[in-house]
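Structural characterization, general
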Amino acid sequence: MVEITIQDLRNAQRKGSKEAITINKALGLSYLTVRREQLIKINADGSEEKLGKPEFGTKKIQKGRYKIK
């Protein structure tokens, strides 16, 4: 079984997010992001619109290793 570190998970998430944002911009779509505990909608033209607090918050991961089946 391969062990995946927190850094591996962060890198995968960062890469996936960048690719999704690039595709959304190319297609002229808006996307949502959480910044400073606020849910923000970023429109295709780059303008931002605050939508309020997110329904689900963010969690910091404390453990160094995870086993995924």
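Residues numbered from 1 in each chain as written. Predicted model: local features only at pLDDT ≥ 70, side-chain atom pairs only at ≥ 80, totals over all residues. Heavy atoms only, no water.

A positive phi angle, close to 50°, is found at Arg-36, a residue other than glycine. Inspection of the secondary structure assignment puts Arg-36 in the loop between strand E2 (31–35) and strand E3 (38–42). According to the relative accessible area criterion, Arg-36 is exposed, its value standing at 77%. (Helix = DSSP H or I, 4+ residues; strand = E, 2+ residues; numbered from the N terminus. Buried < 20%, exposed > 50% of the residue type's maximum accessible area, 1.4 Å probe, protein only.)

Think of it this way: side chains of opposite charge can pair up when their charged atoms draw near. Within the structure shown, the criterion is met by one salt bridge. Across the pair Arg-35 and Glu-48 runs a salt bridge, and its minimum N-O distance is 3.1 Å. Taken together, the positions of Arg-35 in strand E2 and Glu-48 in strand E4 (residues 48–52) put the pair 13 residues apart, joining distant regions of the chain. For Glu-48, a relative accessible area of 48% translates into the label partly exposed. (Salt bridge = Lys/Arg side-chain N within 4 Å of Asp/Glu carboxyl O.)

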